[in-house]
Amino acid sequence: MTDALAKLKPTSGRNEALGRLFVLELSGGRIHSMSPDGSSRKVIVADCHLPDGIAVDIEAGHIYWTNMGVPNLNDGSIERADLDGSNRKVIIPQGITFTPKQLHLEKRSGKLYWCDREGMRVMRANLDGTNVETLVKTGESDADRRDAAKWCVGITVDPERGQIYWTQKGADNSGLGRIFRAGIDVPNGEDAASRTDIEVWFDNLPEPIDLELDLKGRVIYWTDRGNPPLGNTVNRTSIDAPVRNEHAPEIIASDLMEGIGIALDVPGNRMFVTDLGGSLYSASLDGSEKRALLFAQGNLSGVAYVEIPSKEN
């Protein structure tokens, strides 16, 4: 275990009522809001077009989510609403991003980052949807689009080092999944398709999906599909570890049913994970005390956790 992982300690005495989970139901096209124990669940948004990634801006009172759309139609979009689902608005309309997947909010820079699977891109925009940029482009043709090794899926941002991390999952059970990292901006004089600062941080993974970063502890977590024992797991490792498999990730949870979404509550020493089998799990950050909060609830994709002032709960 690395020093960064060893420093993770439980925090006691926090009131669970201060927290709120937002969970995407892919199959039902709905967004649920609930307490961190799975109680007081309510649908706050309906009629989403295959929602996959979600992020919450608690200070501004907004939720953002991606709609994958139908993969071969280039009809993905990104929407925003208030925390209760009201004032719904499309900020990235159809035709701009192909199949948007995990979404990350970087509050300090006022940017939304997301991965575009069939679009084979890492993208970002302002919080109002303006100034859309492509940061990484792994392919362009229809033949490229059929190659799952080029699909960008999960994303997180390390603003301290000015880096982005993303996953390219590869074909089902191929063992060709990879996690990449690069600078937060395209280098001067280069473009998204040929930038020279991209590193393969991990390769030969089953199918890495969503990423989440504990900035204080400098630890990155991710969900992974594929066959056991390495697949359908939650993994973590130090963000400051060397590149290219010179370190092994720690598998901290297993037995997921097509794991996908992950959210961290670092002060509370817990994480939340969703899978396409319809389960929502909670566990300590080391994977212990794993328990199902929901199960057989359609296909659950993205999940976000926030602390909300008690007057808003």
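Since the model is a prediction, treat every value here as computed from it, not as a measurement.

K.L.:
Kindly report on the overall build of the protein, identifying the contributing residues and their values.
P.N.:
The number of helices and strands found in the protein is 2 helices and 24 strands. Taken against the 2.2 N^0.38 rule, which gives 20 Å for 313 residues, the C-alpha radius of gyration of the protein at 18 Å falls within 12% of a compact globule. Taking all 313 residues of the protein together, the buried fraction comes to 58%. Sequence separation of at least 24 residues holds for 46% of the intrachain contacts in the protein that already meet a minimum separation of 6.

K.L.:
I'd like to hear about the sheet that holds strand β18 (residues 233–238), residue by residue, with values.
P.N.:
Strand order in the open sheet formed by 4 strands is β16-β17-β18-β19, with antiparallel pairing between adjacent strands. Bordering the open sheet on either side are β16 (207–214) and β19 (250–253), each of which pairs with just one other strand. For this sheet the average axis-to-axis angle between neighbouring strands, irrespective of direction, equals 30 degrees. Here β18 runs beside β19; their pairing, made up of 3 bridges, is antiparallel.

K.L.:
I'd love a proper account of the side chain of D275, names of residues and values included.
P.N.:
Note on placement: D275 falls in strand β21 (residues 270–275). The side chain of D275 sits in the buried core without any salt bridge; K290 is the nearest counter-charge, 7.1 Å away. Of the polar contacts made by the side chain of D275, one reaches the backbone nitrogen of M257; its length is 3.0 Å. Ignoring anything within four residues of it in the chain, the contact list for D275 reads L256, M257, E258, G259, I260, Y281, N299 and L300.

K.L.:
So what's going on with the layout of surface pockets? Which residues, and what values?
P.N.:
Considered as a void within the structure, the largest pocket measures approximately 980 Å³ in volume. Lining of the largest pocket is provided by 37 residues; of these, V56, H104, L105, E212 and Y305 occupy positions nearest its centre. Going through the elements one at a time, β4 (51–57), β8 (100–106), β12 (152–158), β16, β20 (259–265) and β24 (300–307) are the ones with two or more residues in the lining of the largest pocket. Split into classes, the residues belonging to the lining of the largest pocket amount to 21 nonpolar, 5 polar and 11 charged.

K.L.:
So, the packing of aromatic side chains: which residues are in play, and what are the values?
P.N.:
Using the criterion set out here, one finds 5 aromatic pairs in the structure. Ring centres 5.3 Å apart and planes at 80 degrees place the aromatic pair Y165 and W201 in the edge-to-face group. Placement of Y165 in strand β13 (residues 163–168) and of W201 in strand β15 (residues 199–205) is noted, with a sequence separation of 36 residues between them. Across this residue pair, the class does not change: Y165 and W201 are buried. Seen in terms of ring centroids, F202 and W222 are 5.5 Å apart; in terms of plane orientation they differ by 50 degrees. Their pairing is tilted. Here F202, found in strand β15, pairs with W222, found in strand β17 (residues 219–225); they are 20 residues apart in sequence, far enough to count as distant. The burial state of F202 is the same as that of W222; both residues are buried. By way of ring pairs, the aromatic residues Y165, W201, F202 and W222 are connected into one cluster. Positioned over the ring face of W151 is R117, at 5.1 Å from the centre of the ring.

Definitions and cut-offs
Residues numbered from 1 in each chain as written. Predicted model: local features only at pLDDT ≥ 70, side-chain atom pairs only at ≥ 80, totals over all residues. Heavy atoms only, no water. Helix = DSSP H or I, 4+ residues; strand = E, 2+ residues; numbered from the N terminus. Rg over C-alpha atoms; globule rule 2.2 N^0.38 Å. Buried < 20%, exposed > 50% of the residue type's maximum accessible area, 1.4 Å probe, protein only. Contact = heavy atoms within 4.5 Å. Pairing = 2+ DSSP bridges. Axes fitted to C-alpha atoms, helices over the stretch in contact; angles between N-to-C directions. Lys, Arg positive; Asp, Glu negative; His and termini not counted. Salt bridge = Lys/Arg side-chain N within 4 Å of Asp/Glu carboxyl O. Polar contact = N/O pair within 3.5 Å; in protein donor to acceptor, adjacent residues only side chain to side chain. 1 Å grid on protein atoms, 1.4 Å probe; cavity = no way out; pocket = protein on both sides within 12 Å on 5 of 7 lines; lining within 4 Å. Points joined across faces, edges and corners; volume = space filled by probe spheres on them. Nonpolar A, V, L, I, M, F, W, Y, C, P; charged D, E, K, R; others polar. Phe/Tyr/Trp six-rings, centres within 6.5 Å; stacked < 30°, edge-to-face > 60°. Lys NZ or Arg CZ within 6 Å of the ring centre and 35° of its normal.

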